[in-house]
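An overview of the molecular structure
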Amino acid sequence: MSQATTEVIRLWNDRPPTVIDGVGPEMEFRGLNGVSADTIMLRNVSDPTLTVFRPRRPNGVGIVVCPGGGWRILAWQHEGLDVANWLCERGYTAFLLKYRVLPTPPEPKAFEAAMVEMTKQIDIGRPGASAPRKMSDIVPAEVLQLPRGAAADDGRRAVEIVRARAKAWDVDPTKIGMIGFSAGAFLAADVAMEPKAAPLAFVAPIYGGETQGKPVPSDSPPLFTVIAQDDRLLFRVVEGLYADWSSADRPAELHIFARGGHGFGMIRQGLPVDRWTELFAAWLTDRGF
């Protein structure tokens, strides 16, 4: 178990470079349906933070954890808290990022109705040949430009804070990586592509992430990614991310499972996809982390 999970750091003392207006009070709620039903979620996040999880025997590696949620919510438990604790138990110092998201209706029933309507607009039944190959095939790029930019700003700021205080947390500043899920995976990939500072030591965008057609930098970090083939929303997108990384001759590892769906995180479904954490742990060891 972690020694301390109560140290919470605000990312921005001043106005962040990208601002999302009209966000109401932050709220915690339970997942509505699917594999993540009844898990802890957050919405209307406007004050981003970093929560520090310190292991009893730190191995010197720091990992920023970025939960997903479609830039509207944060899957706080199974893509955040559970991941941070799992890493911490293995000697990694984990930093759980609560990044900013788009506003949602404060009244629960209105929020639920809005989420149902949003889901209806996304076609997840397309055959593989016509499955989306970039995020803008799912949601117009202009709709996500603001929240995606704000999330990436928060991610870069998180890495900056960890590097600046690495010694105090027993972290080697050259061994700081990032793992993200779904929207958090896009955040992680966006930071890896454009760190605006020293590159990450490694990046693990889980069922998400893309290069947006930009060239992969020659110093981009080693990449680990996982996707389920029955994730009709993003399996082609993730295949493209891996292809872009490997085509740039950067280290990359992709695991595709036949079944698992989207958004499984740390939830065990009794499927081979449950083994992704074992594979990630082995990859980290192989890469020297």
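None of these values were measured; they are calculated from a predicted model. (Residues numbered from 1 in each chain as written. Predicted model: local features only at pLDDT ≥ 70, side-chain atom pairs only at ≥ 80, totals over all residues. Heavy atoms only, no water.)

**Considering the side chain of Lys98**
Take Lys98: it is sitting in strand β7 (residues 93-98). For Lys98, a relative accessible area of 13% corresponds to the buried category. Dropping the residues within four chain positions of it, Lys98 is found in contact with Glu26, Leu42, Val45, Asp47, Pro48, Thr49, Leu74 and Trp76. (Helix = DSSP H or I, 4+ residues; strand = E, 2+ residues; numbered from the N terminus. Buried < 20%, exposed > 50% of the residue type's maximum accessible area, 1.4 Å probe, protein only. Contact = heavy atoms within 4.5 Å.)

**Some points on the pattern of salt bridges**
Per the counting criterion, the structure on display carries 14 salt bridges. One salt bridge connects Glu7 with Arg165, and the closest N-O pair in it is separated by 3.0 Å. Of this pair, Glu7 sits in strand β1 (residues 4-10) while Arg165 sits in the loop between α3 (141-164) and β8 (176-181); the two residues are 158 residues apart in sequence, bridging distant segments of the chain. Salt bridges sharing partners connect three or more residues here, namely Arg148, Asp190 and Glu210. (Salt bridge = Lys/Arg side-chain N within 4 Å of Asp/Glu carboxyl O.)

**Here's the deal with the packing of aromatic side chains**
If you walk through the whole model with that rule in mind, you get 13 aromatic pairs. For the ring pair Phe202 and Phe289, a centre distance of 4.7 Å and an interplane angle of 45 degrees mean the geometry is tilted. Placement of the pair is Phe202 in the loop between α4 (183-193) and β9 (203-206) and Phe289 in the segment after α6 (276-286), with a sequence separation of 87 residues. Comparing Phe202 with Phe289, the two get one shared label, buried. Here a set of aromatic residues connected by ring pairs shows up, and it is made of Trp86, Phe181, Phe202, Tyr207, Phe224, Phe264, Trp276, Phe280, Trp283 and Phe289. When the ring centre of Phe29 is taken as origin, the NZ or CZ atom of Arg43, which lies over that ring, is 5.9 Å away. (Phe/Tyr/Trp six-rings, centres within 6.5 Å; stacked < 30°, edge-to-face > 60°. Lys NZ or Arg CZ within 6 Å of the ring centre and 35° of its normal.)

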